[in-house]
Amino acid sequence: MIPSSSEITETATASESVTSISTENERIEMLREVEDEEEEEKIRRQKKLEEALEAKSLRRIISAYLNYPEAAEEDLKKWERSYRKLSTAHRALVPHYALKFQRLRRCISANSYFIFNMLQAFEPPIDLSQDLDGCEDSNLDCAPHEKYILDERHDSSCQPALTNNCTHEGESKSLHDSELQKTDANEPAPMNHSEDTRNNDKRYDCDGGHLNHDHGNASLSSHDWLDPSLQTHVPLVDVDKVRCIIRNIVRDWAAEGQRERDQCYKPILDELDSLFPDRQKKSTPPSCLVPGAGLGRLALEISCLGFISQGNEFSYYMMICSSFILNYAQVPGEWTIYPWIHSNCNSLSDNDQLRPVSIPDIHPASAGITEGFSMCGGDFVEVYNESCQAGMWDAVVTCFFIDTAHNIIEYIETISKILKDGGVWINLGPLLYHFADTYGHGNEMSIELSLEDVKRVASQYGFEIEKERTIETTYTTNPRSMMQNRYYAAFWTMRKKCAIRA
Ligand code: SAH
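Quick summary incoming for the structure in this document. Just so you know, these numbers come straight off a predicted model, no measurement behind them.

Before going further, it helps to examine the side chain of Thr-477. Here Thr-477 is to be found in the loop between strand E9 (463-473) and strand E10 (487-496). Taking relative accessible area as the criterion, Thr-477 reaches 15% and is therefore assigned buried. Excluding residues within four positions of it along the chain, Thr-477 makes contact with Arg-247, Glu-260, Trp-340, Met-483, Gln-484 and Asn-485.

On to the pairing of strand E6 (residues 374-377), then. Because side chains alternate across E6, one face comprises the buried residues Ser-374 and Cys-376, and the other comprises Met-375 and Gly-377, equally buried. Bridge count between strand E3 (residues 308-313) and E6: four bridges; the pairing is parallel. Pairing of Gly-311 across the sheet is with Met-375, part of E6.

Between its first and last C-alpha, helix H5 (residues 97-121) extends 36 Å over 25 residues, near the 36 Å set by a 1.5 Å rise per residue. Of all 25 residues in H5, 18 are buried; the element is thus mostly enclosed.

The next thing to look at is the pattern of salt bridges. Per the stated rule, a full pass over the model turns up 29 salt bridges. A salt bridge links Arg-45 to Glu-41, with the shortest nitrogen-to-oxygen separation between them at 3.0 Å. Residue Arg-45 and its partner Glu-41 are both found in helix H2 (residues 12-66); the two are separated by four residues, about one turn of the helix. For Lys-496, the salt bridge is made with Asp-421, and the minimal N-O distance between the two is 3.7 Å. With Lys-496 in strand E10 and Asp-421 in strand E8 (residues 419-429), this pair connects stretches of sequence that are 75 residues apart. The buried category is assigned to Lys-496, whose relative accessible area is 6%. Several salt bridges converge on common partners, so that one network encompasses Glu-73, Lys-77, Glu-80 and Arg-105.

The N-to-C vectors of helix H7 (residues 236-253) and helix H8 (residues 258-275) enclose an angle of 70°; their axes lie 8 Å apart at closest approach. Accordingly, the angle class assigned to the pair H7 and H8 is roughly perpendicular. Contact residues: Val-250, Arg-251, Asp-252 and Trp-253 in H7; Glu-260, Arg-261, Cys-264 and Tyr-265 in H8. When the residues that make up the contact of H7 with H8 are grouped by side-chain class, the tally is four nonpolar, no polar and four charged.

The next thing to look at is the environment of Lys-100. Positionally, Lys-100 belongs in helix H5. Overall, the relative accessible area of 4% leaves Lys-100 in the buried class. Through-space distance from the C-alpha of Lys-100 to that of Leu-354 is 8.8 Å; in sequence the pair is 254 residues apart. In this structure Lys-100 touches Asn-344, Asp-350, Gln-353 and Leu-354, once residues within four positions along its chain are discounted. Separated by 3.3 Å, the side chains of Lys-100 and Asp-350 make a polar contact.

Conventions used here
Think of each chain on its own: its residues are numbered from 1, step by step along the sequence as written. Residues qualify for local features only when their pLDDT is at least 70, as the model is predicted, and side-chain atom pairs are given and counted only at 80 or more; totals for whole chains, interfaces and linings, by contrast, use all residues. Think of the side-chain values as coming from all heavy atoms in the structure, minus any hydrogens and water. Numbering of helices and strands runs from the N terminus, with a helix taken as a DSSP run of H or I at least four residues long and a strand as a DSSP run of E at least two residues long. A 1.4 Å probe rolled over the protein chains alone gives each residue an accessible area, and that area as a share of the maximum for its type sets the label: buried under 20%, exposed over 50%, partly exposed in between. Contact criterion: two residues are considered in contact whenever any of their non-hydrogen atoms come within 4.5 Å of each other. Criterion used throughout: strands pair if DSSP finds at least two bridges between them. Expected helix span is taken as 1.5 Å per residue step, with the number of steps being one fewer than the number of residues. Any carboxyl oxygen of Asp or Glu within 4 Å of a side-chain nitrogen of Lys or Arg constitutes a salt bridge here. Here an angle of 0 to 180 degrees is reported between the N-to-C directions of two axes, which are lines fitted to C-alpha atoms, with helices fitted over the stretch in contact. Any angle that falls under 35 degrees is termed roughly parallel, while one over 145 is termed roughly antiparallel, one within 65 to 115 roughly perpendicular, and all others oblique. Gly counts as polar in this scheme, as do all residues outside two lists: the nonpolar Ala, Val, Leu, Ile, Met, Phe, Trp, Tyr, Cys and Pro, and the charged Asp, Glu, Lys and Arg. Under the rule applied, a polar contact is a pair of N or O atoms within 3.5 Å (in protein, one hydrogen donor and one hydrogen acceptor; residues adjacent in sequence only if both atoms are side-chain atoms).

What follows is the structure, given as structure tokens:
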């Protein structure tokens, strides 16, 4: 409102002081703006650093995959050298060895071919070209660096886990989508399409018309990061993780893994089935979260059972592979891999060791999923402690997961928080705490509760045990090996009662 002139005169003195106050206010305001800008700049740089660290971590994982053929070949050469050290007489006793080495080379080629196709289909959710050098700043807290490298964690974007008929629904940030028509460019040599590898001739040529989305993805079209010259050399332990993934593929996606799945996943599925008998009649299906979902089979089975199922996983090793199988598999048995070639130990015969395994055993897109099936990347505690997750889930299923925690209490607390009152937590697994013996990482926290204490803590977070038993099972074990490590895994169903400790 405009004041009258008399008012202006009358308030002359006051106006002087108003002026000085407003100057002071302006100064404070300016300072605040500068501070805000500085804070924003700091956050921006921190974010940039975190992204660069994540990019570095992801590049390392991709490099580990790309280093697989070379590392496998190194092992093979070592075996050959040992063989050559045999005396002529001894060598004559195992004359088929030369042939076995040839066969092994073909198996490595087939595995490499699968891996390479998987990487070609992968759409990095971050720009892999960014460098750490550009964002080093003394003001920044560089602590997360090591954490990122160790945990292979990545962003917490959720994406539909599977795209029926290759059409993409839901969010725009996806691990896949634009590369389905890639063929065998950069195919690793030497490729020998013997009858053992024939299935791997398959090219991805999906005609579902799903390539029209702009995912705002930093490196959608170019797969520069697959260029071997840009590969970084990774420690052999990283390549070991690739071999672990290959074993995990058998657990989740091969007929050979059925026995293990029957031991681990079936009791969980049976339990869910009996706990939610009327789920088909409800307008909205019950929701179930699977933290530490690995390669996604359990989450998929839960979806097929009639739940809105979400897998959560923080390892890019796993996510790259599960995304490929869930989204890109066209027919059962599309690929042939040789999961057991990397160890000569406890083998009944060479044929056992070199036996092919067809994957996937089912076509995920035709398995009969319930709408809303998704995979969510990121650390379980970080992602699900968001306030929007509180009381969201009817069921949480953990299979070989809870012992991956630095602090298992934090896992239990989070599970309790995200469950609805009356929701259920089904768990199956041992307590082989992952960080219990991390030599060389002395500062890594590791809380290693006994089963009794786990249950006690759970009761403090409002859980009541409804069922409990021990299940004997293996985990990614070669079913034909002379060594079969067994777990006597804890299996339970707990229900969240209302009274929760803060
Ligand atoms: N449930 C699967 C995988 C078990 S292995 C199965 O039964 O086969 C444990 C999985 O948990 C691994 O894939 C690992 O990458 C994942 N994981 C470990 N810590 C995690 C965390 N904090 N958040 C999300 N996933 C995690």
